[in-house]
Each structure stands twice: as structure tokens, then as C-alpha cells.
Amino acid sequence: MELLQRVNDRISENRTEMMRSLSELISVPSVVAEPEGEMPFGRNVHRAFTYMLELAQKEGFAVYNAENYGGHIDFAGTEEGVVGIVGHLDVVPEGDGWDFDPYGGEAADGYILGRGTTDDKGPVVAAFYAMKALKDCGYAPKRTIRLILGLDEETEWKGMDHYLSRVGELPDFGFTPDADFPAIHGEMGIMVFDIVKKFDAFGGKGLELTSLRGGTAANSVADFARAVIHDSSGAGYDGIKELIAAFRSEKNCRINCKGIGRSLEITTRGVSAHGARPDQGLNAISLLMELLGRINFAAEGANDFVSFYNEHIGYDLHGERMGCPFEDELSGRLVFNVGMIEADKRTAKLTVNIRYPVTENDEHVYDSMMSVLDGYELGVVKGKTQEPIYMPEDDPLIETLMEIYRRHSGDTESEPLVIGGGTYARAVKNTVAFGARFPDEPELAHQSNEKISEASMMRLASIYAEAALRLSELER
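What you see is a predicted model, and the numbers here were worked out from it, not measured in a lab. Residues take numbers from 1 onward in each chain, read along the sequence in its written order. For a predicted model such as this one, the threshold for reporting local features is a pLDDT of at least 70, and the threshold for listing and counting side-chain atom pairs is 80 or more; totals across whole chains, interfaces and linings nevertheless cover every residue. Here the side-chain values reflect all heavy atoms present in the structure, with hydrogen atoms and water set aside.

Novice: Honestly, the layout of surface pockets in this entry has me stumped. Any pointers?
Specialist: Any space left empty among the atoms is revealed by the rolling of a water-sized probe across them. Taken as a whole, the second largest pocket spans an internal volume of roughly 360 Å³. Every residue lining the second largest pocket is counted, 18 residues in all, and those nearest its centre are Phe-199, Asp-200, Ala-299, Gly-301 and Ala-302. Secondary structure counts use DSSP, requiring at least four H or I residues in a row for a helix and at least two E residues in a row for a strand, with both numbered from the N terminus. Counting only elements with at least two residues in the lining of the second largest pocket, the list comes to strand S10 (189–198), strand S11 (207–214) and helix H8 (300–312). With four residues, the top contributor of residues to the lining of the second largest pocket is H8. Basically, the charged four are Asp, Glu, Lys and Arg, the nonpolar ten are Ala, Val, Leu, Ile, Met, Phe, Trp, Tyr, Cys and Pro, and anything else, Gly included, counts as polar. Grouping the amino acids of the lining of the second largest pocket by side-chain chemistry returns seven nonpolar, one polar and 10 charged. Cavities and pockets were defined on a 1 Å grid built from protein atoms only: a cavity is a group of points that admits a 1.4 Å probe but offers it no way out, a pocket is an open group of points flanked by protein on both sides within 12 Å along at least five of seven lines, and a lining residue is one with an atom within 4 Å of any such point. Grid points are joined across faces, edges and corners, and a volume is the space filled by probe spheres set on the points.

Right, dumping it as C-alpha cells:
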């Protein structure tokens, strides 16, 4: 315990440096983009990755770069084995509704502000300074303590797959600071898919839905949606504008319309949230589809698609009317989130993100939805699926992390969790999610005005320093 006290003192001494590092990292808008030369996830993700590797080298750590797909920072151990701390440096798109620059990295009122402060740059920086404090205090770990840097966690995980195919030694134990406290001993299955519809050609006159767009990512609640409608009959849009005004008053929502040439643009604004917790947001797509359901379009295909959405999805968050309202005692209820929509006169595509219970499987979920989809002649294009993971509460890794959390937090009542989020614990065996959000903190990941308090950063660094130390010496 004397060593841990010295480590905590060192973390306090490095407070200013740690906050500056986080601010500088936040200033890099590391949203995954198209490859550029030898930068597989775009220039900005590469900048964030390079920043961390150079910071680590400056502090005397060994680093490894897997062809710019990912890498790690090593605090070398005296014996064989690895403790993995698995984080990521990419972020989801910033979206709308910010009260400050999402990439300003500014400090205000005891907080560091910006996209990625909680998910996952803040926790990664806290873990790094935990390693630095251990090293500065002369600690010699038995197992190597390895901070693994993922670069496309918010999208397809190709970087982690590539990194794992290149690196030799995998962790004996580890954690990813990319969820909630206390320890996470299970993660629900995740499936991403498109519901698609082809429209028959329409050659008549009347009101048409010519364009529909909304959302930025499958794993986020859509905070905006936009429709363009066109009336070729020349009747005008006065009645629709009145309908929109009444809808705005009824729902107390943000919805606007304006003329674009001879068409009318309608936009709705919702509240972004993580796709695993859509109850904390408001889906702008669902708002817009409810409004469109009150409009009669000349093309029946558009009416059918809108009707399907409102009758079987709407504001439901658990697949209640889609035929898949599954739940179990460990996980709770299935989570159903509409992340994006895209449609024109010919086709429509709805991107859905589902988190299903650990005792279920994706094929059962798909099969259960087909009776609904077939009734509307809708197709499914299957995308990424991640199977559930589960570790018993009495596993030594879970017990060790719970003990550390309870001592630092004073929270003796919380039990290990099963979550809907998907972390790198699915990709890196023998690891579980551990933090970084404390139970008394609001959920800000994937939302506007994301921020992390300096006090939380300090507490995280202390917790992760002890976790790294204890796991380095843990006997299996």
C-alpha cells in the first residue's frame, strides 16, 4: 500500500500534464475516414495514434505499430505474461447541438470538454498516466503492462483484427476502460443490419417523398433527420405547413420546414445518445416518420414504408412490435435502435442496431422479425454481428476488479454488470470492461457536450494504476 500511495502522489503531481495531454488529443477530430496512403483510417485517426506513440516514447516506454492499424505501449515486466489495457482513439462524428467546440479540448469549470473525453480518449490518457506513475515510482511489474491502442472501435474493428494477427503475445488478464463501473462480466450480442425496400416506379402527379436522410452512425441515436417532398400537382404546401406547426406544438419538438425550389424540406432534431442506451436520447428519425405518417403520398410504396415504421418501430426501444421482444435475467431486455435512414424515389434503407440478451443468438432474432418484414415486402441485408460474451462473477479477474472498485469508490452495493455496449473485450480474450463512467455520472458518450471532470480523470488514473499492478501479479 505504501507503493500505491506514492503512485497516487505521483499522479497528483502529473495532473496538469495529464490534462494537457488529453486536451491536445481531443483537438484531433479522429473520426474514421477513407484511407490515405499508409493511413488506413484517415489522416486524423493517424494523427491521434502518432500522438500517443510519441508521448509514450518520450516517457521511455517501448511502443509497437502494426502498420498503422493499431499498436501498443509496453511497460516491460520481469517475467512472462501480459496485462492488457485495451482502449481506442477514434471517436464517433460530433453531430449537432454543442455549446462549445467539440474539438477544442478546452478546460472549463473543472472539466475537459470535447468529443472523446469519455469515449475513449480520457480513459486511455488516464491509463497511460497510471502506467507512467508506476514506472516513475520504480515499480517492476511481473507481467508486462500493455496499453493497446485501437483505431476503429466505433466502426468495423478491422484495425484490432489486424493488430491481433501481428502481435505475438496476447494478454493473460486485462480490461478495457470503455464502459461503466463496476466490472462488466457480460456484454449483450450486437447485430447491425439494413432493412431495405424497393419502390415501384411512379409516373403520376401528386405529392412525392423524394428524399429522406437521418443519423450519422448505427450505434448512435439519430439526432437529426431530413425529408424533401415535392408536389407536382401544383397544389402547394400550405396545408402541410399547418400540419407541421400543429405537430410541433403537440410534440413540443424541434421541427422546421422551408422551401427549396419547388420542393419543401422538413427537418427534425432529436437528442443523440449511445445506441446501447437509446432511452437516454430522442430519435429524430422516429419524430420525422410520425409526421410523415400524417401525410398521404401519391406513391403507395412510400406510404407503406412509412406505415411499416410507425406501426412496428416508432418509439419502441425493445423490439416490442418487431417480433423480437427478448429478455433474460442476466441481460434484461433486448435493445432496438434505429441509427440511420436513407431513401429516394427508388429505394429506402433503414440501418438498425440491436443488442440482444446473452442467452440469445442473432439467427433467432432475425427469424423472429421476418414475419413482420415479409408482410411489407421488406428485405434484410445482414451486417456486422458480435456474439455475446460472459464471465462468471467468481472469476478471479472479476473479483479482483470489483475489490479495487469498491475500495476506491466506497460503493459496496453495486454488483458486476451485463451491458448492451460492445467493447474490445469481445476481441481480446481474457479481458472485461472496467469503467470508465462512475454510477453517479451522467452518460455523455456519443452525445453533444461530451466532457469529463478533472476529478474523474484523477480517480481513474488511481484505479487503473492499482488494477495494472494487481493484475500483473495475479495468480491464475
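Okay, back to it.
Novice: What is the right way to read the nonpolar core from this model?
Specialist: Side chains that are nonpolar tend, in soluble globular proteins, to be buried together. In this description, a nonpolar core means a group of buried Ala, Val, Leu, Ile, Met, Phe, Trp, Tyr and Cys residues linked to one another through side-chain atoms lying within 4.5 Å. The classification of residues rests on relative accessible area computed with a 1.4 Å probe and restricted to protein chains. Under 20% of the type maximum is buried, over 50% is exposed, and intermediate values are partly exposed. Residues Met-52, Phe-434 and Tyr-464 are the most contacted members of the largest nonpolar core, which totals 69 residues. Of all the elements, helix H11 (residues 454–473) adds the most residues to this core, at 11 residues. Whether two residues are in contact is decided by their heavy atoms, any of which lying within 4.5 Å being enough. Apart from the residues lying within four places of it in its own chain, the contact partners of Phe-434 are Phe-175, Thr-176, Pro-177, Asp-180, Phe-181, Pro-182, Ala-183, Leu-401, Tyr-405, Ile-463, Tyr-464 and Ala-467. Core analysis: the next-biggest nonpolar cluster, separate from the first, contains 53 residues, Ile-195, Phe-305, Tyr-309 and Ile-354 among them.

Novice: Would you explain the packing of helix H10 (residues 396–409) against H11 in this entry?
Specialist: Axes are the key here: two packed helices are described by the angle between their axes and the distance separating the axes. Packing of H10 against H11 brings their axes to within 10 Å, and their N-to-C directions diverge by 145°. As H10 runs across H11, the sense of the crossing is right-handed. Mapping the contact onto sequence places Leu-397, Thr-400, Leu-401, Glu-403, Ile-404, Arg-407 and His-408 in H10 and Ser-462, Ile-463, Glu-466, Ala-467, Arg-470 and Leu-471 in H11. Partitioned by chemical class, the residues of the contact of H10 with H11 number six nonpolar, three polar and four charged. Fitted lines through C-alpha atoms serve as axes, helices being fitted only where they are in contact, and the angles separating the N-to-C directions of these axes extend from 0 to 180 degrees. Handedness of each helix crossing follows the sense of rotation of the near helix against the far helix: counterclockwise by less than a right angle gives left-handed, clockwise gives right-handed.

Novice: When you look at a nonpolar patch on the surface in this model, what are you seeing that I'm missing?
Specialist: Taken together, Val-271, Leu-282 and Tyr-315 make up a surface patch of nonpolar side chains, about 230 Å² in accessible area. Note on placement: Leu-282 falls in the loop between strand S14 (263–269) and helix H7 (284–292). For Leu-282, a relative accessible area of 31% corresponds to the partly exposed category. Residues qualify for a patch when their relative accessible area is over 30% and they have no salt bridge, like charges being joined within 9 Å and the nonpolar side chains of Val, Leu, Ile, Met, Phe, Trp and Tyr within 5 Å. The Shrake-Rupley method, run with a 1.4 Å probe sphere, supplies the accessible areas, and residue values consider only the shown protein chains as cover. Within this document, salt bridges are pairs made up of a side-chain nitrogen of Lys or Arg and a carboxyl oxygen of Asp or Glu, the two lying within 4 Å of each other.

Novice: Would you take a moment to explain unusual backbone geometry for this structure?
Specialist: Trans peptide bonds make up the majority, and among non-glycine residues the majority have a negative phi. Looking along the chain, the bond that leaves Asp-119 and enters Asp-120 is cis, with omega of 10°. Inspection of the secondary structure puts Asp-120 in the loop between strand S5 (111–113) and helix H4 (121–136). In the segment running from Gly-435 into Ala-436, the intervening peptide bond is cis, with an omega of 20°. One non-glycine residue, Asp-109, lies in the positive phi region at around 55°.

Novice: In this structure, what is going on with the sheet that holds strand S21 (residues 417–419)? I would like to understand it.
Specialist: Working definition: the strands of a sheet are paired by backbone hydrogen bonds and lie parallel or antiparallel to each other. Spatially, S20-S9-S21 is the arrangement adopted by the three strands of the open sheet, whose pairing is mixed. Unpaired on one side and paired on the other, strand S20 (389–390) and S21 mark the two borders of the sheet. When DSSP finds two or more bridges between a pair of strands, those strands are recorded as paired. Alignment of strand S9 (residues 184–187) against S21, held across three bridges, turns out to be parallel. The partner of Ile-184 across the bridge, within S21, is Leu-417.

Novice: What's the story with the environment of Ile-341 in this structure? I'm lost.
Specialist: Relative to the elements of secondary structure, Ile-341 occurs in strand S17 (residues 335–343). A sequence separation of 90 residues divides Ile-341 from Thr-431, and the C-alpha atoms of the two residues are 34 Å apart. In contact with Ile-341, not counting residues within four places along its chain, are Leu-212, Arg-213, Gly-214, Ile-285, Met-289, Phe-305, Lys-349 and Leu-350.

Novice: Where do I start with the side chain of Asn-353 in this structure?
Specialist: As for its placement among the helices and strands, Asn-353 is situated in strand S18 (residues 347–356). Counting of polar contacts relies on pairs of N or O atoms within 3.5 Å, with two restrictions inside protein: one atom must be capable of donating a hydrogen and the other of accepting it, and residues adjacent in sequence are counted only when both atoms are side-chain atoms. Reaching out from Asn-353, the side chain makes a polar contact with the side chain of Arg-355 at a distance of 2.7 Å. Excluding its chain neighbours within four sequence positions, the residues that come into contact with Asn-353 are Ile-190, Met-191, Val-192, Ala-218, Asn-219, Gly-275, Val-335, Phe-336 and Asn-337.

Novice: Sorry, what's going on with the packing of aromatic side chains here?
Specialist: A ring pair, where both rings are aromatic, is described by two values, the distance of the centres and the angle of the planes. Only the six-membered ring of Trp is used, alongside the rings of Phe and Tyr, when aromatic pairs are assigned; centres must lie within 6.5 Å, and planes under 30 degrees apart are stacked while those over 60 apart are edge-to-face, with the rest tilted. Scanning all chains against the criterion turns up 18 aromatic pairs. Taking the centre distance of 5.0 Å and the plane angle of 90° together, the rings of Phe-181 and Phe-434 count as edge-to-face. You can see Phe-181 sitting in the loop between strand S8 (179–180) and S9 and its partner Phe-434 sitting in the loop between strand S22 (431–433) and strand S23 (436–437), a full 253 residues away along the chain. Here Phe-181 falls in the buried class, since its relative accessible area comes to 2%. Judged by its relative accessible area of 0%, Phe-434 falls in the buried class. Connected via pairs of aromatic rings, a cluster forms that spans Phe-175, Phe-181, Tyr-405, Phe-434, Phe-438 and Tyr-464. The ring of Phe-61 carries Lys-135 above its face, with NZ or CZ at 5.4 Å from the centroid. The ring of Phe-438 is capped by Arg-459, whose NZ or CZ atom sits 3.6 Å from the centre of that ring. Lysine and arginine charges are scored as sitting over a ring when NZ or CZ, respectively, is within 6 Å of the ring centre and within 35 degrees of the ring normal.

Novice: I'm lost on a negative patch on the surface in this one. Help?
Specialist: Negative charge collects at one region of the surface, where Glu-79, Glu-80, Glu-169 and Glu-475 lie side by side. You can see Glu-79 is positioned in the loop between strand S2 (71–75) and strand S3 (82–88). The charged-residue count follows a simple rule in which Lys and Arg add positive charge and Asp and Glu add negative charge, with His and chain termini not counted at all. By convention, the charge on Lys lies at NZ, on Arg at CZ, on Asp at CG and on Glu at CD.

Novice: Looking at this model, I keep getting lost on the sheet that holds S2. Mind explaining?
Specialist: Taken in spatial order, the six strands of this open sheet run S1-S2-S6-S3-S7-S22, and their pairing is mixed. A single partner strand is all that each edge strand has here, and the edge strands are strand S1 (62–65) and S22. Within the sheet, the average angular offset between the axes of one strand and its neighbour, ignoring direction, is 20°. As judged from the seven bridges shared by S3 and strand S6 (residues 144–150), these two strands associate in the parallel manner. For Ile-85, the partnering residue across the bridge sits in S6 and is Leu-147. Running at roughly 155° to S1, helix H3 (residues 43–58) makes contact with S1, S2 and S6 of the sheet. Sitting on the sheet, H10 touches strand S7 (173–176) and S22, and the angle it makes with S22 is about 40°.

Novice: What's the story with empty space enclosed by the protein in this structure? I'm lost.
Specialist: Counted by the stated rule, this structure contains one cavity of 30 Å³ or more. Approximately 90 Å³ is the volume attributed to the largest cavity. Of the residues assigned to the lining of the largest cavity, the class counts are five nonpolar, nine polar and three charged.

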